[in-house]
Amino acid sequence: MQSFNTIASLREELAKHKGQSLGLVPTMGALHEGHLSLIIRSVAENDVTVVSIFVNPIQFNNQEDLQKYPRTVDDDLKKISEIKTDKTILVLVPSVEEMYPEPVKETYHFGAIEEVMEGPRRPGHFSGVAVVVRRLFDIVEPQRAYFGEKDFQQVAIIRNLLEQIKYPIEMVPCPIVRADDGLALSSRNMRLSPAARAMAPAIYDTLQHAVEMSEYEDVEDVVEWVLGTLASYHEVNPQPDGLKFEPEYFEIVNDTTLQPIESWDDAKGVVGCIAVWLDGVRLIDVVRFR
Ligand code: PAF
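Nothing here was measured: the structure is a model prediction, and the numbers come from that model. (Residues numbered from 1 in each chain as written. Predicted model: local features only at pLDDT ≥ 70, side-chain atom pairs only at ≥ 80, totals over all residues. Heavy atoms only, no water.)

S.K.: Sorry, what's going on with the site of the ligand here?
M.R.: All residues in the neighbourhood of the ligand are listed as Pro 26, Thr 27, Met 28, Asn 56, Gln 59, Val 129, Val 132, Phe 147, Asp 151 and Gln 154. One of the side-chain N or O atoms of Gln 59 is found 2.6 Å from an oxygen atom in the ligand. Within the complex, 88% of the 290 Å² of free accessible area of the ligand lies under protein. For the ligand, the cavity whose grid points lie within 2 Å of the majority of its atoms is the largest cavity. The set of elements that each furnish at least two residues to the shell around the ligand consists of strand 2 (22-27) and helix 7 (125-140). In terms of residue class, the shell around the ligand is built from 5 nonpolar, 4 polar and 1 charged. (Near = heavy atom within 4 Å. Polar contact = N/O pair within 3.5 Å; in protein donor to acceptor, adjacent residues only side chain to side chain. Areas by Shrake-Rupley, 256 points an atom, 1.4 Å probe, with all protein chains shown as cover. 1 Å grid on protein atoms, 1.4 Å probe; cavity = no way out; pocket = protein on both sides within 12 Å on 5 of 7 lines; lining within 4 Å. Sits in = over half its atoms within 2 Å of the grid points. Helix = DSSP H or I, 4+ residues; strand = E, 2+ residues; numbered from the N terminus. Nonpolar A, V, L, I, M, F, W, Y, C, P; charged D, E, K, R; others polar.)

S.K.: How do you make sense of the layout of surface pockets when you look at a structure like this?
M.R.: Empty space among the atoms can be located by rolling a probe the size of a water molecule over them. Each pocket or cavity is described by its volume, and for the largest pocket that value is around 270 Å³. Considering the residues around the largest pocket, the lining is formed by 13 residues, among which Leu 14, Lys 18, Leu 22, Val 140 and Glu 141 are closest to the centre. Counting residues per element, the ones that place at least two in the lining of the largest pocket are helix 1 (7-15) and helix 7. Looking at the lining of the largest pocket, the element that brings in the most residues is helix 1, giving 3 residues. Taken together, the residues that form the lining of the largest pocket break down as 6 nonpolar, 4 polar and 3 charged. (Points joined across faces, edges and corners; volume = space filled by probe spheres on them.)

S.K.: Help me out: how do you make sense of helix 8 (residues 152-165) in this one?
M.R.: Counting along an α-helix, one turn takes 3.6 residues, and residues three or four places apart therefore face a common direction. Look at helix 8: 20 Å from first C-alpha to last across 14 residues, which is about the 20 Å you get at 1.5 Å a residue. Judged by how many residues are buried, helix 8 sits mostly within the fold: 11 of 14 residues are covered. By the burial criterion, the buried members of helix 8 are Phe 152, Gln 153, Gln 154, Val 155, Ala 156, Ile 157, Ile 158, Asn 160, Leu 161, Leu 162 and Ile 165. Close packing links the buried residues of helix 8 with helix 6 (118-121), helix 7, strand 5 (144-148), strand 6 (170-174), strand 8 (270-278) and strand 9 (281-288). A positive phi of about 55 degrees marks Lys 166, the residue just after helix 8. (Expected span 1.5 Å × (residues − 1). Buried < 20%, exposed > 50% of the residue type's maximum accessible area, 1.4 Å probe, protein only. Contact = heavy atoms within 4.5 Å.)

S.K.: Explain the pattern of salt bridges here, please?
M.R.: Oppositely charged side chains can form a pair if their charged atoms are brought close together. With the rule as written, the count across this model stands at 16 salt bridges. Two residues, Arg 191 and Asp 65, come together in a salt bridge whose shortest N-O distance is 3.4 Å. Linking Arg 191 in the loop between strand 6 and helix 9 (194-199) with Asp 65 in helix 3 (residues 63-68), this pair joins segments that are 126 residues apart in sequence. Linked through salt bridges whose partners overlap, the residues forming this network are Glu 118, Arg 122, Glu 248 and Arg 282. (Salt bridge = Lys/Arg side-chain N within 4 Å of Asp/Glu carboxyl O.)

S.K.: How should I be thinking about the packing of aromatic side chains in this particular structure?
M.R.: Ring pairs (aromatic) are described by centroid distance and by the angle formed between their planes. One pass over the structure, following the stated rule, counts 5 aromatic pairs. Ring centres 5.1 Å apart and planes at 40 degrees place the aromatic pair Trp 264 and Phe 289 in the tilted group. Of the two residues, Trp 264 sits in the loop between strand 7 (245-254) and strand 8 while Phe 289 sits in the segment after strand 9, which places them 25 residues apart along the sequence. Accessibility classification places Trp 264 together with Phe 289 in one group, the buried group. Positioned above the aromatic ring of Tyr 204 is the side chain of Arg 178, whose terminal nitrogen or guanidinium carbon lies 3.5 Å from the ring centre. (Phe/Tyr/Trp six-rings, centres within 6.5 Å; stacked < 30°, edge-to-face > 60°. Lys NZ or Arg CZ within 6 Å of the ring centre and 35° of its normal.)

S.K.: Sorry, what's going on with the pairing of strand 9 here?
M.R.: By the criterion of burial, strand 9 is predominantly enclosed, with 7 of the 8 residues buried. Relative to strand 9, strand 8 runs antiparallel, the two being bridged by 8 bridges. By the bridge assignment, Ile 274 is partnered in strand 9 with Asp 285. Linking strand 8 to strand 9, which pair antiparallel, is a turn of 2 residues; within it Asp 279 sits at a positive phi near 55 degrees. (Pairing = 2+ DSSP bridges.)

Okay, here's the thing in structure tokens:
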């Protein structure tokens, strides 16, 4: 593994690998097993893997979230260096000035797929993601790029971005990695207090029960049940320090258009996407219904 702080030095190294297949794994660091699964997949499928570690300020609509986002670069590099492989892994760790020497003016629009779920709640977020991902595509020029399905809407946005900019890059969505107790791995989990971390798996338990309910309940009733179950969780299961779930949304959507469905037969592929606040941390998760 080699790490680079400048785009020029990474590109100089990449020039030595001309003709080899190249995979890109964009991350914001604070790497966990979910990120490592993306890197390991890229290593298996490509001669060279580039991992980027960059907390992208322009995708944060909430300054407190940006400030509190965990930054653990030394630890991240150690985890990557421990991956057992003979293949080449290059890590780009640029500063904000390196990525954005000029103020960013471009914006991206994605139509209906950004008008649901995360879109209206995080204004500018997906445009900021698209700007940095396109920049990384331009820097690395990969054949494949790897993204986690926990950010389900982001995967649809990147797919749409690739159609807009017409880059011949294969987007590889990778399954969510969960802790043994079911909590979807996220860099934000490390900000949860021990009591909140112990409570958090109830999100996935609730989603799994919702999947069972979908065999005999209407979509609307399942949505209401999930939101109600989480919102009243602390009443049924008293928590220390007044901990409670504050669900922001739960939507059951067509897995391609991301538009909410009304009946289970409205789409072939159906997923449920949720965002929940717990202990000042915003957690998201996804479950497949059909
Ligand atoms: O999913 C993330 O961590 C980020 O949105 C990404 C794709 C690395 C862009 O900053």
